[in-house]
Structure formats: C-alpha cells, structure tokens
Amino acid sequence: MTAQLRVAVAGAGVGGLTAALAFAARGVRCTVFERSPRLAADGFGIQLPPNATRVLYGLGLGPALDAVSLRPAAREVRRWSDGALLGRVPLGDAAAARYGAPYLALRRADLVRVLHDAAAPGTVRFGARCTAATPDGALHLADGSVHEADAVVGADGLHSVVRAALRRDEPRFTGYTAYRAVLPVAGPIAGAAPVVTVWLGPGRHVVAYPVPGGLNLVAVTPGRLEGAFDGWHGPVRDLVRAAGPAMRHALFAGPALPAWHRGRLAVLGDAAHAMPPFLAQGAAQAVEDAAALAEAGPGGLARYEARRRPRAERVAAASAAGGREHHLPDGAQQRRRDERIAASGLPEQDWLYTCCP
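Residues numbered from 1 in each chain as written. Predicted model: local features only at pLDDT ≥ 70, side-chain atom pairs only at ≥ 80, totals over all residues. Heavy atoms only, no water.

Colleague: Got a sec to walk through the layout of surface pockets? Specific residues and values, please.
Modeller: The computed volume of the second largest pocket comes to approximately 350 Å³. Contributing to the lining of the second largest pocket are 23 residues, with Arg172, Ala253, Gly254, Ala274 and Ala316 lying nearest its centre. Those elements that provide at least two residues to the lining of the second largest pocket are strand 13 (172–184), helix 8 (270–273) and helix 10 (301–326). When residues of the lining of the second largest pocket are assigned to their parent elements, the largest contribution, eight residues, is made by helix 10. Its residues placed into classes, the lining of the second largest pocket shows 15 nonpolar, four polar and four charged. (1 Å grid on protein atoms, 1.4 Å probe; cavity = no way out; pocket = protein on both sides within 12 Å on 5 of 7 lines; lining within 4 Å. Points joined across faces, edges and corners; volume = space filled by probe spheres on them. Helix = DSSP H or I, 4+ residues; strand = E, 2+ residues; numbered from the N terminus. Nonpolar A, V, L, I, M, F, W, Y, C, P; charged D, E, K, R; others polar.)

Here you go:
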C-alpha cells in the first residue's frame, strides 16, 4: 500500500532531503521542490551531534559522511578575557561509544550534497518555487502547476510557505547577529587534536572548530563585528581579525505554532520550531523531525507532532537559555555558571544526544 503513497516536500535543505530519504526507505514516493536552481554552495561549517548522525548513519550515509567530515576530540569552553579553560567535554571516540554514533564537524554544503546524492534521481526538482499549500494536500508552484500528495511537508525554513497555511506570522529577531567565516588552514590547528572551542564573554561569544580544509569561525554579538571583541583574549582577537568581512547572519527564533499539522499539511525543522543556535541543534532537530515523520507515515501527521513537539520545545527552550548563559556579565551568576561548566561532562548531554528516534 505504501508504494502508492506520495509525499511532496517544500525545501531541499537538511530536513527536506532527510525526509525524502527516510520516506523512500519505507517505500513512500517523495518529491522535493526547491526554489533554488541548484544545490546551495554554502561552505560554512555545521556541527552534527550524535542524535542526528544516528539517524543519518541508519539511512546508510556513514561512509559518505565520514569522507567529508572530522570528528572533534572535545568541546572546550574558555573565558573571554584570558582564555582560561572552564570545562572540557570529551567527544571523539568517547561520544561515539556512549551514544552509538559520532559527533561530526563538516561543511553544510557537503552535508546537503551527501543527502542529495543518496536520493533517487529526479527526487529533487530545482527551480520550483512553492507559493502556497492547502490542507487537502495541494502544493502550488510559481509556474502555475499544482502538485497533489497524500502529505505536503514544509521543510522550507524560517519563511515557510507551508507554515503560512497553518499560521501567518514572522520569525522573531533574537537581538543577536552571527558573523561566520571559514579560515584556511593547513594541517591540524596549532598542531593539536581538533576541538570545538567556545569563548564566553559578557554579551557575546565566539565558536571555532575545524572542518575539512579550514577552521569554521562564528562570532555572535548584539551589534557590529568591528570592535566587538576588543579587550578579549589575544587568540580570539586574532581569529576575528583574520575573518575579515565575515558573512553576517541575523539570528531568529520562531514563535510557537498552535499546531504543526492541518489536514495533509505538516512542517518540520525551522518551519516548525526555529531556534537560536546556542546548542548547535537546529539541523539535528530537523533530522529528528524527518525520521519521526517518515516513521509515522503520510497518514500519521498527528502522531508525528505528538511525538516530536515536546522534545523540540525542550531543545528550543534549552537553546534560548544557553544564549542567556553564554552572555552573562562578569559577576556572581557568571561564576556559578562556570562552576556548572567545570562539573559537566558527557553524561550531562545524555538527554540531548540519546534521543531520537
């Protein structure tokens, strides 16, 4: 029976392509409509934690992902003014052994390409801009065509067309801007094992981690990058300076939806629960959504939402709290935060990395 079912997905990003693969693994035909004329060429980095890689490896993507990624040995949190180590969480072999899946760092464009190349030819239709969706399972395109399906999935991001059929709203600016760059490097960073390093400071923070062929840098600040990290530890200033005119990305969060589905429509990823990136979980939650949606099937949209919504809302709340914790001014609260960081380790991540599905 499932061989006759059809799913239409708006958006060929991480969530949309994972959904296509997960549906195909269950014998459900899936077509992905992507407004861009080709795959995105975004070369910035992305972290894939074990809760995402468990799903992707389960879809048979392990060898392809291993070929384009690195496995950070640890995540280190450091103080803004002097680089003092506040805490270190082992990743690498320790995370893979504990969670049954690795923690990866790679370029987003490589991740999207791996997902695309694993799909059957013709799964993705490029240059197909979605303009509307209706609860009866119709997806309207800019060329005037209408595609009917047993389920229409909105994986089309912050300004989702499918979400607009559920509720018309706009994402909320968090007040922070991320400046991103990939710095070219040769060989291991400073001769050390690759690690994810996070420098925390009053009102802003910096993240750096290696990806194949470079060092991915993200500087988060309420305003302009110029002068934002004056007075910070020398290596941080050097990294920000080396980034030059880094790419600017305003950070948004999505207002809560009353429901993630209606009739034959459903949303996933940022279209359902856009969250700030302070836990590095945005793409991972889209992957979890995609797997759960495919498992529920085109007729199980209510089951999909019931399963995923509490989890995604918990992660989104933790991400928002992480942003507040990251940016505490020096003082008593900051010292208590640093004590918690020093005491944390892999077990503290269990709730995040062991789920789902």
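Colleague: Tell me about empty space enclosed by the protein, and please be specific about residues and values.
Modeller: In the structure shown here, the tally under the stated rule is two cavities of 30 Å³ or more. A volume near 40 Å³ is recorded for the largest cavity. Looking at the lining of the largest cavity residue by residue, the class counts come to four nonpolar, one polar and four charged. Each pocket or cavity is described by its volume, and for the second largest cavity that value is around 30 Å³. Considering the residues around the second largest cavity, the lining is formed by Arg79, Trp80, Leu86, Leu200, Gly201, Pro202, Leu328, Asp330, Gln334, Arg337 and Asp338. Of all the secondary-structure elements, those providing two or more residues to the lining of the second largest cavity are strand 14 (195–201) and helix 11 (332–343). Broken down by element, the lining of the second largest cavity gets its largest block of residues, three residues, from helix 11. Here the residues of the lining of the second largest cavity sort into five nonpolar, two polar and four charged.

Colleague: Describe helix 9 (residues 282–296), naming the residues involved and giving the relevant values.
Modeller: In this model helix 9 runs 21 Å from its N-terminal to its C-terminal C-alpha over 15 residues, within 8% of the 21 Å that 1.5 Å per residue would give. Helix 9 sits mainly inside the fold: 13 of its 15 residues count as buried. Positioned one or two residues after helix 9, Gly297 has a phi angle of 85 degrees, which is positive. (Expected span 1.5 Å × (residues − 1). Buried < 20%, exposed > 50% of the residue type's maximum accessible area, 1.4 Å probe, protein only.)

Colleague: Run through the confidence of the model for the protein chain, naming residues and quoting values.
Modeller: On average, the protein chain scores 94 in pLDDT, and the residues at 70 or more come to 97%. Predicted confidence is poor over residues 186–191, with pLDDT under 50, and the contacts of this stretch with residues over four places away or in other chains come to two contacts. (pLDDT = per-residue confidence, 0-100. Contact = heavy atoms within 4.5 Å.)

Colleague: Could you give an account of the environment of Gly269, naming the residues involved and the relevant values?
Modeller: Position of Gly269 among the secondary structure elements: in the loop between strand 19 (265–267) and helix 8. Of the residues examined, Gly269 reaches a relative accessible area of 2% and is grouped as buried. A C-alpha to C-alpha distance of 8.8 Å links Gly269 and Val14, two positions 255 residues apart in sequence. When near neighbours in sequence (up to four residues on either side) are disregarded, Gly269 contacts Ala274, Ala286 and Asp289.

Colleague: Lay out unusual backbone geometry with the relevant residues and their values.
Modeller: Phi at Ala280 takes a positive value of approximately 55 degrees, unusual for a residue other than glycine. Relative to the helices and strands, Ala280 is located in the loop between helix 8 and helix 9.

Colleague: Explain the state of the cysteines residue by residue, including any values.
Modeller: Under the criterion given, the structure shown has zero disulfides. Distance from the sulfur of Cys30, which forms no disulfide, to the nearest cysteine sulfur (Cys130) is 12 Å. Residue class for Cys130 comes out buried when judged on its relative accessible area of 11%. (Disulfide = S-S within 2.5 Å.)

Colleague: Would you mind going over the packing of aromatic side chains in detail, with residue names and values included?
Modeller: The geometry of two aromatic rings is summed up by the distance between their centres and the angle between their planes. Taken as a whole and assessed by the stated rule, the structure comprises seven aromatic pairs. Note on Phe229 and Trp232: the rings are 4.8 Å apart at their centroids and 80 degrees apart in plane angle, and the pair reads as edge-to-face. Note on Phe229: relative accessible area 3%, which makes it buried. Counting every residue linked through ring pairs, the aromatic cluster contains Trp80, Phe229 and Trp232. (Phe/Tyr/Trp six-rings, centres within 6.5 Å; stacked < 30°, edge-to-face > 60°.)

Colleague: Can you break down the packing of helix 2 (residues 50–58) against helix 9 residue by residue, with the values?
Modeller: Relative to each other, helix 2 and helix 9 sit at 40 degrees, their axes nearing to 8 Å. Viewed along their axes, helix 2 and helix 9 adopt a mutual orientation that is oblique. As for the relative orientation of helix 2 and helix 9, their crossing is left-handed in sense. Touching Asn51, Ala52, Val55 and Leu56 of helix 2 are Ala284, Gln285, Val287, Glu288 and Ala291, all from helix 9. Grouping the constituent residues of the contact of helix 2 with helix 9 by class yields six nonpolar, two polar and one charged. (Axes fitted to C-alpha atoms, helices over the stretch in contact; angles between N-to-C directions. Parallel < 35°, antiparallel > 145°, perpendicular 65-115°, else oblique. Left-handed = near helix turned anticlockwise from the far one by under 90°.)

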